[in-house]
Amino acid sequence: MRIKQADLDEVLEVARLALVLWPYHSMHAIALEISEMIQRKEGAYFLAYNESEVIGFAQINLIHSSVDEENGVPVGYLKGIFVVEAYRQQGIAKELLTACEHWAIEQGCEELTSDCELSNDQILNFHRSVGFEESNRIVCFRKSLKGEK
């Protein structure tokens with residue numbers, strides 16, 4: 001098993017796995033987003049390979065909050081991490097996270113953030129097991145404006 005940073009030749013491999021994690025996107029839209037992110041270097045994608053088979057990925061972005069901009073220090077944001085079910089519980093997600101952490105440090109980050117749905121016990125437990133500390137809980141609201149005038 002090996003971990004490598006994805007390049008433009010691997011956009012479709014990343015997109016294929018990203019669609020499993022985020023099925024509400026289209027292949028075209030997610031591939032375009034991945035390609036743009038790689039080109040802009042505002043984030044990175046890491047792939048886990050078992051020989052020639054891609055079995056997992058992680059996405060990390062650089063973000064700037066108003067507090068961090070004052071200090072000029074970006075924050076790494078772990079946007080997503082996914083391992084094919086047959087390969088889970090083997091430490092692959094931790095290795096993908098480690099690659100993201102190293103990339104974030106190289107970008108000058110001093111902190112890594114992430115989030116997940118409160119109902120996703122599996123990913124909540126993963127975050128806790130790899131050293132993340134819960135910093136906030138929010139409730140998101142939505143209001144339809146259809147028919148409002």
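In this numbering scheme, every chain counts its residues from 1 along its sequence in written order. Local features in a predicted model are, by the rule used here, given only for residues with pLDDT of at least 70; side-chain atom pairs are given and counted only at 80 or more, and totals for whole chains, interfaces and linings are based on all residues. As a rule here, side-chain values cover all heavy atoms of the structure and leave hydrogens and water aside.

Re the pairing of strand E3 (residues 53–63)
- Accessibility here uses a 1.4 Å probe with only protein chains present; expressed as a share of the type maximum, an area under 20% marks a residue as buried, one over 50% as exposed, and anything in between as partly exposed. Helix and strand assignments come from DSSP, with helices taken as H or I runs of at least 4 residues and strands as E runs of at least 2, each series counted from the N terminus. Among the 11 residues that make up E3, eight are buried, leaving the element largely enclosed by the rest of the structure.
- Taken together, the eight bridges between strand E2 (residues 43–50) and E3 define a ladder with antiparallel strand orientation. Bridge pairing in E3 places alanine 48 opposite glycine 56.
- Between any two strands, at least two bridges found by DSSP are needed for them to pair. The turn joining E2 and E3, which pair antiparallel and follow one another in sequence, is formed by two residues; a positive phi near 55° is taken by glutamate 51.
- Pairing of E3 with strand E4 (residues 75–83) involves eight bridges; the strand directions are antiparallel. Among the inter-strand pairings, isoleucine 60 is bridged to a residue of E4, identified as leucine 78.

Looking at the state of the cysteines
- Cysteine sulfur atoms are paired as a disulfide whenever they fall within 2.5 Å. Enumeration over the complete set of coordinates arrives at zero disulfides.
- Unpaired in this structure, cysteine 100 has its nearest cysteine sulfur neighbour in cysteine 109, at a distance of 11 Å.
- No disulfide involves cysteine 116; its nearest neighbouring cysteine sulfur is the one of cysteine 140, lying 12 Å away.
- Using a relative accessible area of 29% as the deciding quantity, one classes cysteine 116 as partly exposed.

Focus: the confidence of the model for the protein
- Per-residue pLDDT for the protein has a mean of 90; in total, 94% of the residues score no lower than 70.
- Confidence scores per residue from the predictor, reported as pLDDT, run from 0 to 100. Within the protein, the lowest mean pLDDT, 52, falls on helix H3 (residues 66–71), and the highest, 97, falls on strand E1 (residues 2–5).

Description of the sheet that holds E4
- Ordered in space as E1-E2-E3-E4-E5, the five strands form an open sheet in which the pairing is mixed. The sheet is open, and its two edges are formed by E1 and strand E5 (112–114), each paired on a single side. Here the strands of the sheet are splayed against their neighbours by 30° on average, with no regard to which way each runs.
- The criterion used for residue contact is that any of the two residues' heavy atoms lie within 4.5 Å. Axis lines are fitted to C-alpha atoms, over the contacting stretch for helices. Their N-to-C directions set the angle, which ranges from 0 to 180 degrees. Across the face of the sheet, helix H4 (residues 92–106) comes into contact with E1, E2, E3, E4 and E5 while running at roughly 155° to E4.

Comments concerning helix H5 (residues 121–129)
- For H5, the complete set of buried residues consists of Ile123, Leu124, Phe126 and His127. Buried positions in H5, seen along its axis, are confined to an arc of 160° and lie on one side of it. Away from the buried face of H5 by more than 90 degrees, exposed residues Asp121 and Gln122 are located. By arc we mean the arc of the directions from the helix axis to the C-beta atoms, nothing more.

Side note on H4
- Every helix has an expected span of 1.5 Å times one less than the residues it contains. In this model, H4 (15 residues) spans 21 Å end to end at C-alpha, consistent with the 21 Å of a helix rising 1.5 Å per residue.
- Restricting attention to buried positions, one finds in H4 the residues Ile92, Ala93, Leu96, Leu97, Ala99, Cys100, Trp103 and Ala104. For H4, the angular spread of the buried residues around the axis is 155°, confining them to a single face. Residues of H4 that are exposed and point more than 90 degrees away from the buried face comprise Ile105 and Glu106.
- Taken together, the buried residues of H4 touch E1, E2, E3, E4, E5 and H5.
- Once H4 finishes, glycine 108 follows within two positions and takes phi at roughly 95°, a positive value.

Quick word on unusual backbone geometry
- We note that glutamate 51 has phi near 55°; this positive angle belongs to a residue other than glycine.
- Among the secondary structure elements, glutamate 51 is positioned in the loop between E2 and E3.
- Although it is not a glycine, glutamine 89 adopts a positive phi angle of roughly 65°.

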